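Now for the letters of each chain:
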Amino acid sequence: MLHTTYIEISESALRNNISYMRDQMSNGARYSMVIKGNAYGHGIETIIPVAERCGIDHFSVFSVAEAQRAIQAISPGGEIMILGWIDHDQLAWAIENGISFYVFTFDRLTAACREARRLKKRARVHLELETGMHRTGFSEAELEKMLRYVNRYSSCFSIEGICTHYAGAESINNYTRIKHQIKQFNLLVRKSAKAGIVPRYRHTACSAAVLRYPETVMDLVRVGIANYGFWPSDELRMNHFIDVEKKGMNPFDPLDRVLSWKSTVMSVNYVPSGEYISYGKTYLTNRDTTIATVPVGYGYGYTRTLSNMGHVLLHGKRVRVIGSVNMNMLVIDATDVKRPKIGDEVVLIGSQGELNISVSSFGDMTNSLNYELLARLPNHIPRKVVE
Ligand SMILES: *Cc1c(COP(=O)(O)O)cnc(C)c1O
């Protein structure tokens, strides 16, 4: 094996999750799979062909850089939408390649029109509206002026979308804020229609909104985290279990994890009681200890916060990370495992035998969210697709 660690991507898990999310939508809205953040750490180039085999033909990225990677991997007929960053000097590339993009400032709107005229090709734009998140989007006060511009230069544009984003649909804390955003969005869409602007898609829903606010589904959804088998929050997971129990069914988790992270034992040593392990003095053996070294460290996204805290699976047993996590290595306590040897599989995230290490248990310990942990998995770790 050339690499010290690899990530497995499960096609059947992805297929299951997409199908679950589609089942939550009654109206057959278009499904855009969000693949920003290197496909939530899964790898843009790896996930696209797998997703296509699961019936996905619309992908959302954050930036032009991600769109340029996506376009290499996508099949003819597939669509790419840029939700965030695109510089003026990249607009021509996006327009020429038929990639649609968010517009939330006049500056970008006029620049897109200029480029479209120069190229004699319409810019496919999504007009993002500010409805209460206060991040990006045209405000209600700017709406009329914006619509007037779009009408006046209608030959520049193909209005792919009118859209907005919710300020945390995964938490009850934001309930009234989200409800207000929905109302505000619908109001602004009506105003746009009165001015003659009707988009191909009205779109607002992320994973949490699809699951909890069915009225947000509209014509297209932008589903990210749920595709990968994670609930947007513990609260939504709990809500799901309560709903299922109310229906008299056994609680079960309908989402499957797509990603596993694995490595192998690179050395095994015996250390007597009363010795320190690895750098410094953070771990003192209190028994004769068998240690195994694993060639993964913080250089691979295995955070140093997991020093003396993390667990991995070896021979189907949960064993502790002892001592500090180094740049390229970590040490585990393999004393309770029968005859560990070089080359044995080590699971950092995923299942082995009956046991499972989830990103979220990992997340609780390091106080970061699923989203953050996943996005931090480096792209230099090779990805393997499995059924
Ligand atoms: C990230 C993102 C999504 C997807 O959110 P999930 O919670 O991962 O489903 C949807 N829309 C926009 C604008 C986003 O930035």
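Residues numbered from 1 in each chain as written. Predicted model: local features only at pLDDT ≥ 70, side-chain atom pairs only at ≥ 80, totals over all residues. Heavy atoms only, no water.

S.K.: Help me get a handle on the domain arrangement of the chain, residues and values and all.
M.R.: You can read the domains of the chain as domain 1 (11-246) and domain 2 (259-357). Each of domain 1 and domain 2 was reduced to a C-alpha centroid, and the two centroids are 41 Å apart. (Domains from an automatic or database assignment.)

S.K.: Describe the pattern of salt bridges, naming the residues involved and giving the relevant values.
M.R.: Considering all chains together, one arrives at 21 salt bridges under this definition. The closest approach of N and O atoms between Asp333 and Arg287, which form a salt bridge, is 3.0 Å. Taken together, the positions of Asp333 in strand 15 (residues 330-333) and Arg287 in the loop between strand 11 (267-271) and strand 12 (289-294) put the pair 46 residues apart, joining distant regions of the chain. When salt bridges that share partners are traced, they join Arg30, Asp57, Glu79, Arg124, Glu160 and Arg200 into one network. (Salt bridge = Lys/Arg side-chain N within 4 Å of Asp/Glu carboxyl O. Helix = DSSP H or I, 4+ residues; strand = E, 2+ residues; numbered from the N terminus.)

S.K.: Explain the pairing of strand 5 (residues 100-103) to me, using residue names and the numbers behind them.
M.R.: Here strand 5 shows two buried faces, one formed by Ser100 and Tyr102 and the other by Phe101 and Val103. In this structure, strand 4 (residues 79-85) lies alongside strand 5, joined through two bridges in parallel fashion. Note that in strand 5 the partner of Met81 across the bridge is Ser100. Taken together, strand 4, helix 5 (residues 88-96) and strand 5 constitute a β-α-β crossover, and its handedness is right-handed. (Buried < 20%, exposed > 50% of the residue type's maximum accessible area, 1.4 Å probe, protein only. Pairing = 2+ DSSP bridges. Right-handed = clockwise from strand over helix to strand, strands pointing away.)

S.K.: Please set out the site of the ligand residue by residue, giving values where relevant.
M.R.: The environment of the ligand is made up of Val34, Lys36, Tyr40, Leu83, His165, Cys206, Ser207, Arg222, Val223, Gly224, Ile225 and Tyr371. In the model, an oxygen atom of the ligand is placed 2.5 Å from a nitrogen or oxygen of the Ser207 side chain. Measuring from an oxygen atom of the ligand, one finds a backbone N or O atom of Ile225 at 2.8 Å. The fraction of the free accessible surface of the ligand (390 Å²) that becomes covered by protein chains is 90%. Breaking the shell around the ligand down by element, the ones donating at least two residues are helix 2 (36-40) and strand 9 (220-223). Taken together, the residues of the shell around the ligand break down into seven nonpolar, three polar and two charged. (Near = heavy atom within 4 Å. Polar contact = N/O pair within 3.5 Å; in protein donor to acceptor, adjacent residues only side chain to side chain. Areas by Shrake-Rupley, 256 points an atom, 1.4 Å probe, with all protein chains shown as cover. Nonpolar A, V, L, I, M, F, W, Y, C, P; charged D, E, K, R; others polar.)

S.K.: How would you explain the pairing of strand 3 (residues 58-63) if you had to name every residue and give the values?
M.R.: By the criterion of burial, strand 3 is predominantly enclosed, with five of the six residues buried. Pairing analysis gives five bridges linking strand 3 to strand 4, with the strands arranged parallel. Looking at strand 4, one finds that His58 is bridged to Glu79. Handedness of the β-α-β unit built from strand 3, helix 4 (residues 64-73) and strand 4 comes out right-handed.

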